[in-house]
Amino acid sequence: MGQKKDLTGSEKSKIVRYLAEGCSSLKITKLLKRDHRTIKRFIQNSQQGRKKRVEKPRRKITAHELRKVKRAAAKMPLATSLAIFQSCNITGVPKSTRCAILRDMAKVRKAERRPPLNKTHKLKRQDWAKKYLKTDFSKVLWTDEMRVSLDGPDGWARGWIGKGQRAPVRLRHQQGGDGVLVWAGIIKDELVGPFRVEDGVKLNSQSYCQFLEDTFFKQWYRKKSASFKKNTIFMQDNAPSHASKYSTAWLARKGIKEEKLMTWPPCSPDLNPIENLWSIIKCEIYKEGKQYTSLNSVWEAVVAAARNVDGEQIKTLTESMDGRLLSVLAKKGGYIGH
């Protein structure tokens, strides 16, 4: 049994496996037919582990530099910690220190998604606000559609996991696993719907009008009094299926025309209070990283979440319109927080 200089990678792996199985170094020597001293040397070197890393002294930040970082963070939203510190000519600061400093004055957030607003859009938003400034918004029926997917808005979730616990497995469907298209409306303190668009149906002008006929008109609107219908203003956004000549003429035949059909400015989801209702429902159905395995199950979750939205919450949304109009005028047609 001759002594060789080096153990091969395969032999090292076998030694580790044999040790895990409880074999002694002498038995391993016999199994691998190697010199006992070679085996013992490898075991001793492995058990010593890596040398403890020597911590380098961290770069200290002066009060003046801290003020510069704060100003740079305010001027450079969504910038990395490195970019912020480099803009202040502060070098030699490790990432962990940079993040710890920024954590006291900023938060890591995603950019908000909004349609672009050009000058024409802003002017139309201002004109819309002026036109409806004296409107009684308790008479306006705000409507919209929302698509809910199986995986959730982003298809992922994060949160704290206790030590020793494994993170739960999250399903990843292609394109979020398809979804359910939901239509609803709110007026004063009342929720209309939600109604589910039939799976596989693409809403064009004809299918949109047929959907309204089968759900909104037959199940809700026709039960209302003549005086209610006379005073109600119907709001919908400018989706092609909504704003087409076919849909406009069809609604007119239903008595929803002229001043009873609200004109809507382009690129203005921030002005529609039902968008806030969708946020409430989505937060409820996807809380704690909830996912769904079927379209029926996610639809049932939407219905349950909608039932839990009380009249006071809806009333808060519809009564916010006066403030939204004033904000649009104050910002000269710019986006408002909603």
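Residues numbered from 1 in each chain as written. Predicted model: local features only at pLDDT ≥ 70, side-chain atom pairs only at ≥ 80, totals over all residues. Heavy atoms only, no water.

The protein is annotated in an unreviewed UniProt entry as Tc1-like transposase DDE domain-containing protein from Oreochromis niloticus.

**Student:** I'd like to hear about the overall build of the protein, residue by residue, with values.
**Tutor:** On a plain count of helices and strands, the protein comes out with 15 helices and four strands. In the protein, buried positions account for 38% of the 338 residues. Excluding contacts between residues fewer than 6 apart, the proportion of contacts in the protein whose partners are at least 24 apart in sequence is 75%. Taken as a whole, the protein presents about 22,200 Å² of accessible surface, with 51% of it coming from carbon and sulfur. (Helix = DSSP H or I, 4+ residues; strand = E, 2+ residues; numbered from the N terminus. Buried < 20%, exposed > 50% of the residue type's maximum accessible area, 1.4 Å probe, protein only. Contact = heavy atoms within 4.5 Å. Areas by Shrake-Rupley, 256 points an atom, 1.4 Å probe, with all protein chains shown as cover.)

**Student:** Break down the side chain of Ser81 for me, with residues and values.
**Tutor:** By the secondary structure assignment, Ser81 is in helix α5 (residues 81-87). One polar contact links Ser81 to Arg98, side chain to side chain, over a distance of 3.1 Å. Sequence-distant contacts of Ser81, defined by excluding residues within four places in its chain, comprise Lys95, Arg98, Cys99 and Leu102. (Polar contact = N/O pair within 3.5 Å; in protein donor to acceptor, adjacent residues only side chain to side chain.)

**Student:** Let's hear about the packing of aromatic side chains: which residues, and what values?
**Tutor:** Evaluated as defined, the whole model comprises 15 aromatic pairs. When the centroid spacing of 6.1 Å and the interplanar angle of 25° are considered together, the rings of Trp183 and Phe195 count as stacked. Separated by twelve residues along the polypeptide, Trp183 in strand β2 (residues 179-187) and Phe195 in strand β3 (residues 190-196) bring together distant segments of the chain. Grouping residues by exposure puts Trp183 and Phe195 together as buried. With 5.8 Å between their ring centres and 75° between their planes, Trp220 and Phe228 make a pair best called edge-to-face. Judged by its relative accessible area of 10%, Trp220 is buried. Positioned above the aromatic ring of Tyr18, the side-chain terminus of Arg17 is 5.4 Å from the ring centre. Positioned above the aromatic ring of Phe217 is the side chain of Lys254, whose terminal nitrogen or guanidinium carbon lies 5.1 Å from the ring centre. (Phe/Tyr/Trp six-rings, centres within 6.5 Å; stacked < 30°, edge-to-face > 60°. Lys NZ or Arg CZ within 6 Å of the ring centre and 35° of its normal.)

**Student:** Explain the nonpolar core to me, and be specific about the residues and the numbers.
**Tutor:** By size, the foremost hydrophobic cluster in this structure holds 40 residues, and its most contacted members are Trp128, Trp142, Val148, Met262, Ile281 and Ile285. Going through the elements one at a time, α7 (119-131), β1 (140-149), β2, β4 (233-235), α12 (274-285), α13 (295-307), α14 (311-318) and α15 (321-330) are the ones with two or more residues in this core. Among the elements that line this core, the one with the most residues is α13, at seven residues. In contact with Trp128, other than residues within four places in its own chain, are Met262, Thr263, Trp264, Pro265, Leu271, Met321 and Leu325. With 21 residues, the next largest nonpolar core counts Leu141, Ile187, Phe195 and Phe234 among its residues. (Core = buried A, V, L, I, M, F, W, Y, C linked by side-chain atoms within 4.5 Å.)

**Student:** I'd like to hear about the side chain of Ser207, residue by residue, with values.
**Tutor:** Tracing the chain through its elements places Ser207 in helix α8 (residues 205-219). Only 2.8 Å separates the side chain of Ser207 from the backbone nitrogen of Asn204, close enough to count as a polar contact. Apart from residues lying up to four places away in sequence, Ser207 is in contact with Val201 and Lys202.

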